[in-house]
Amino acid sequence: MKAMVLDKPCTPLRELELPTPQPAAGQVLIKVAACGVCRTDLHVVDGDLKEPKLPIIPGHEIVGHVAALGAGVTRFSIGERVGIPWLGRTCGVCRYCLSGQENLCDAPGFTGYQIDSGYAEYTVAQAGYCFPIPGPQGDADVAPWLCAGLIGHRALRMAGDAESIGLYGFGAAAHLVAQVARYEGRRVYAFTRVGDRQAQDFAISLGCAWAGASEERPATELDAAIIFAPVGSLVPEALRAVRKGGTVVLGGIHMSDIPAFPYAIIWGERVVRSVANLTRRDAAEFLALAPKVPLRSRVVPMPLADANLALERLRSGQLTGATVLIP
Ligand SMILES: [Zn+2]
Ligand SMILES: [Zn+2]
């Protein structure tokens, strides 16, 4: 099979011809139909995340079809369409796994980070961590749901019942969260880089009530804000925009340092919290909700061999929506 492989951080992926993997007991072999390119892939490739298996085949927004079943797998049948998210395995015995917080597992394995994954024609995955994806949506349209959508959904849940919600960084995750938030009757405020009219127009076209630069302030105070951009200086910006008792949710896995800020802007029981990974329950909830919205992805399909170009476009912020690699 063809695969795009990272040998070591801060080097380009190499296109290689590798043996097609075989599913072990409890695993499924998936023929990849589409794999989204997530900012976390960029953090793996750029060495911001320190614990990759190397070499690694990245990718954790995979949609594909079951091509073979490992021993003991009865959950799926051959040909069935499934999705594979970031959470690739958990230990099942730590205090987090035993208390409904498997996203915080002490000994997890993450797809495309410790587990070879979707920047390839085939991949194997633990059957218990894959999800059926029925429905008419195209493979490439669904791919961004598997991380941008899922993590966005978990971040939105952490924002509680906020009626007015700010989204900082209007990329793959925010464009999906905005649609879910609108479906739930919330008002959405989109914050982008200064002068990014394309992203601001896109946000308004999705029903956002306001769109502007991160340093700007809408006329109303926000009940909550979610920061998807990996930019620590946005934390005090967002704190200044939320009301007393409001929450600022940090939706990324990596962020530049947060600058010192005056106590006064977090005073008033404002809360700052991160969102880490996902649970399988999050995935089941979100994948049931998405078709009801109905969620529409803005997708830029690219051939698998162009993975380096896709990553470079994400790195330089030239994207509106989500890039998806097609093997
Ligand atoms: Zn665990
Ligand atoms: Zn991701």
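Keep in mind that this is a model prediction, so the values were computed, not measured. (Residues numbered from 1 in each chain as written. Chains lettered and ligands numbered in written order. Predicted model: local features only at pLDDT ≥ 70, side-chain atom pairs only at ≥ 80, totals over all residues. Heavy atoms only, no water.)

I tried to follow the coordination of the zinc ion (ligand 2) on my own but got confused; where do I start?
Tetrahedral coordination by four donors places them ideally at 109.5 degrees to one another around the metal; octahedral coordination by six donors ideally gives 90 or 180 degrees. Looking at the metal site, the zinc ion (ligand 2) is ligated by Cys38 (SG), His60 (NE2) and Cys147 (SG), spaced 2.0 to 2.1 Å from it. Mapped onto the sequence, the donors of the zinc ion (ligand 2) take the spacing C-x21-H-x86-C. Of this pair, Cys38 sits in the loop between strand E3 (27–36) and helix H1 (39–45) while His60 sits in the loop between H1 and strand E4 (62–69), and the two are 22 residues apart along the sequence. A relative accessible area of 0% places His60 in the buried class. (Donors = N, O, S within 2.8 Å, 3.2 Å for Na, K, Ca; no water. Helix = DSSP H or I, 4+ residues; strand = E, 2+ residues; numbered from the N terminus. Buried < 20%, exposed > 50% of the residue type's maximum accessible area, 1.4 Å probe, protein only.)

Just to check I follow, could you spell out the nonpolar core for this structure?
Taken as a class, soluble globular proteins show a tendency for nonpolar side chains to be buried jointly. Counting residues in each nonpolar core, the largest one holds 88 residues, and the members touching the most others are Tyr119, Leu167, Phe170 and Ile226. It is helix H4 (residues 172–183) that contributes the most residues to this core, seven residues altogether. Counting 17 residues, the second largest nonpolar core, distinct from the first, contains Val235, Val242, Leu250 and Ile265. (Core = buried A, V, L, I, M, F, W, Y, C linked by side-chain atoms within 4.5 Å.)

Which parts of the structure should I look at to understand the packing of aromatic side chains?
For any pair of aromatic rings, the description rests on two quantities: the centre-to-centre distance and the angle between the ring planes. The full count for this structure, using the stated rule, is six aromatic pairs. Considering the side-chain rings of Phe191 and Trp210, the 5.0 Å spacing of their centres and the 55 degrees angle between planes classify their relative orientation as tilted. Of this pair, Phe191 sits in strand E11 (residues 187–192) while Trp210 sits in strand E12 (residues 210–213); the two residues are 19 residues apart in sequence, bridging distant segments of the chain. Both residues of the pair, Phe191 and Trp210, count as buried. Relative to Trp267, the ring of Tyr263 lies with its centre 6.1 Å away and its plane at 50 degrees, an arrangement referred to as tilted. Neither residue differs from the other here; Tyr263 and Trp267 are each classed as exposed. Pairwise contacts between aromatic rings join Trp86, Phe110 and Tyr113 into one cluster. A cation over a ring is seen here: Arg95 above Tyr96, with NZ or CZ 5.7 Å from the ring centre. (Phe/Tyr/Trp six-rings, centres within 6.5 Å; stacked < 30°, edge-to-face > 60°. Lys NZ or Arg CZ within 6 Å of the ring centre and 35° of its normal.)

Can you walk me through the coordination of the zinc ion (ligand 1) in this structure?
Around the zinc ion (ligand 1), the protein contributes the donor atoms Cys91 (SG), Cys94 (SG), Cys97 (SG) and Cys105 (SG), at 2.3 to 2.4 Å from the metal centre. Taken together, the four donor atoms surrounding the zinc ion (ligand 1) define angles of 104 to 118 degrees at the centre, an arrangement classified as tetrahedral. Each donor residue of the zinc ion (ligand 1) lies on the same chain, and together they follow the pattern C-x2-C-x2-C-x7-C. Taking relative accessible area as the criterion, Cys94 reaches 9% and is therefore assigned buried. (Tetrahedral: all angles 85-135°; square planar, octahedral: opposite > 155°, others 65-115°.)

Before we go on, may I ask you to explain H4 in this structure?
In this model, H4 (12 residues) spans 18 Å end to end at C-alpha, consistent with the 16 Å of a helix rising 1.5 Å per residue. Summarising burial for H4: nine of the 12 residues are buried, a large majority. Buried residues in H4 make contact with helix H3 (148–158), strand E10 (164–168), E11, helix H5 (197–205), strand E13 (222–227) and helix H7 (280–289). (Expected span 1.5 Å × (residues − 1). Contact = heavy atoms within 4.5 Å.)

Would you explain the pattern of salt bridges in this entry?
If the charged atoms of two oppositely charged side chains come close together, the side chains can form a pair. The tally for this structure, following the rule as stated, stands at 13 salt bridges. For Arg14, the salt bridge goes to Asp7, with nearest N and O atoms at 2.6 Å. On the basis of relative accessibility, which here comes to 42%, the residue Arg14 falls in the partly exposed class. Linking Glu184 and Arg157 is a salt bridge whose minimum nitrogen-to-oxygen distance equals 2.7 Å. Of the two residues, Glu184 sits in the loop between H4 and E11 while Arg157 sits in helix H3, which places them 27 residues apart along the sequence. Among the residues examined, Glu184 registers a relative accessible area of 31% and is labelled partly exposed. (Salt bridge = Lys/Arg side-chain N within 4 Å of Asp/Glu carboxyl O.)

Would you take a moment to explain the environment of Ile115 for this structure?
Checked against the element boundaries, Ile115 lands in the loop between strand E7 (109–110) and strand E8 (122–126). Separated by 57 residues in the primary sequence, Ile115 and Pro58 place their C-alpha atoms 8.2 Å from one another. Here Ile115 is in contact with Ile56, Ile57, Gly88, Arg89, Gly109 and Phe110, once residues within four sequence places are set aside.

How should the sheet that holds E11 be read in this particular structure?
Strands in a sheet are paired, the pairing made by backbone hydrogen bonds, and the direction either parallel or antiparallel. Strands sit in the order E12-E11-E10-E13-E14-E15 across an open sheet of six strands; the sheet is parallel. A strand with exactly one partner marks an edge of an open sheet, and here the two such strands are E12 and strand E15 (271–274). Taking each pair of neighbouring strands and ignoring which way they run, the sheet shows an average axis angle of 20 degrees. Sheet topology note: the E11/E12 ladder contains four bridges and is parallel. Looking at E12, one finds that Phe191 is bridged to Gly212. (Pairing = 2+ DSSP bridges. Axes fitted to C-alpha atoms, helices over the stretch in contact; angles between N-to-C directions.)

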